[in-house]
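Examining the three-dimensional arrangement
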Amino acid sequence: MSIMKQNTIIKLENVHVNLKSNVETIKALKGINLNILANRSISIMGHSGAGKSTLAMTIAGLESVTEGKVFYKGKAIHDLKEDELADYRSKNVGIIFQSFNLLPSMTALENVNLPLEISRDFIDDKKSIKLLETVGLKNRVSHYPHELSGGEQQRVAIARSLISSPEILIADEPTGNLDKKNSKEVIELIFQLQKNHKSTLILVTHDKSLADLCDETITLDNGLII
Ligand SMILES: Nc1ncnc2c1ncn2[C@@H]1O[C@H](COP(=O)(O)OP(=O)(O)OP(=O)(O)O)[C@@H](O)[C@H]1O
Ligand SMILES: [Mg+2]
């Protein structure tokens, strides 16, 4: 029997993550306890190197846990095998990175369809094109990333993050590479889509004014929540 509250979507218990570089092992997370409620927005703040991206990628199932436990709706994901983890990611998590991470050889539409391609799900171009319309790119469907502005590329990445209708949307400094005007538009879009899709938003940001838009904020320092 789970003793977790029904609306908890992600729970971390004493999570440690060690990252090995070629010179040393860095303790990026040193015992994180965290409860994230469904359909809410939470921001992760903290100085550079504090462990924000590591925490976000751990929740996304892209970083493996050295010690501790991670639960998604009460189901343990910290000890899943690689293929099960890939399945968890593709079904439940959408990720938006600071650097867009689009594939240069694919059009906007193909980039949006990529998660479905990876999970071998049915691809419905009508749905993907509609999503591109939603993010204001109706007339950029067949453009390649190098033919798009930074703001437009980030919109493609946002559309891509939502193509599988994920319950969890993780945005790691999504406006870090955008100017003020594009930042504002992209952030408004992310919050609007989060509400429409009833997803849980995890927003990594340095910007206090963006963090304040979230229901809750946690601050990391040196691998711990302060
Ligand atoms: N692949 C890696 N190998 C080894 N150490 C890493 C690796 N990636 C990050 N680190 C280290 O782990 C710590 C946490 O990094 P992380 O990227 O989570 O920080 P962050 O809070 O997201 O910082 P920023 O605001 O600069 O993006 C840092 O000390 C960093 O140097
Ligand atoms: Mg980071």
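See the structure above.
Residues numbered from 1 in each chain as written. Chains lettered and ligands numbered in written order. Predicted model: local features only at pLDDT ≥ 70, side-chain atom pairs only at ≥ 80, totals over all residues. Heavy atoms only, no water.

Moving on, we get to the pattern of salt bridges. Here the structure, examined in full by the defined rule, presents eight salt bridges. For Arg89, the salt bridge goes to Glu82, with nearest N and O atoms at 3.5 Å. The class of Arg89 is buried, set by a relative accessible area of 18%. The salt bridge partner of Asp212 is Lys208, with a shortest N-O separation of 2.9 Å. Taken together, the shared-partner salt bridges connect Arg155, Lys181 and Glu185 into one network. (Salt bridge = Lys/Arg side-chain N within 4 Å of Asp/Glu carboxyl O. Buried < 20%, exposed > 50% of the residue type's maximum accessible area, 1.4 Å probe, protein only.)

This part is about the site of ligand 1. Residues in contact with ligand 1 amount to 15 residues; listed here are only the nearest, Ser48, Gly49, Lys52, Ser53 and Thr54. Considered on its own, ligand 1 offers 640 Å² of accessible surface; in the complex 63% of this is hidden by protein. Looking at the shell around ligand 1, the elements with two or more residues in it are β1 (8-20), β2 (25-37) and α1 (52-59). With three residues, α1 is the single largest residue contributor to the shell around ligand 1. Counted by class, the shell around ligand 1 contains four nonpolar, eight polar and three charged residues. (Near = heavy atom within 4 Å. Areas by Shrake-Rupley, 256 points an atom, 1.4 Å probe, with all protein chains shown as cover. Helix = DSSP H or I, 4+ residues; strand = E, 2+ residues; numbered from the N terminus. Nonpolar A, V, L, I, M, F, W, Y, C, P; charged D, E, K, R; others polar.)

Moving on to the packing of aromatic side chains. In total, this model carries one aromatic pair according to the counting rule given. Taking 5.3 Å as the distance between ring centres and 65 degrees as the angle between the ring planes, the aromatic pair formed by Tyr72 and Tyr88 counts as edge-to-face. Taken together, the residues Tyr72 in strand β4 (residues 67-72) and Tyr88 in helix α2 (residues 82-92) connect sequence positions 16 residues apart. Neither Tyr72 nor Tyr88 differs from the other in exposure class; each is buried. (Phe/Tyr/Trp six-rings, centres within 6.5 Å; stacked < 30°, edge-to-face > 60°.)

To continue, consider the sheet that holds strand β7 (residues 168-172). Within the open sheet, the six strands sit side by side as β6-β7-β8-β3-β9-β10. Their pairing is mixed. Strands with a single pairing partner mark the edges of an open sheet, and in this sheet they are β6 (93-96) and β10 (224-225). One ladder, built from four bridges, connects strand β3 (residues 41-45) with strand β9 (residues 216-221); its direction is parallel. Bridge pairing in β9 links Ile44 to Ile218. On top of the sheet, α1 reaches β3, β6, β7, β8 (200-204) and β9; it is set at about 155 degrees to β7, its chief contact. Packing of helix α6 (residues 180-197) onto the sheet brings it into contact with β3, β6, β7 and β8, and relative to β8 it is tilted by some 155 degrees. (Pairing = 2+ DSSP bridges. Contact = heavy atoms within 4.5 Å. Axes fitted to C-alpha atoms, helices over the stretch in contact; angles between N-to-C directions.)

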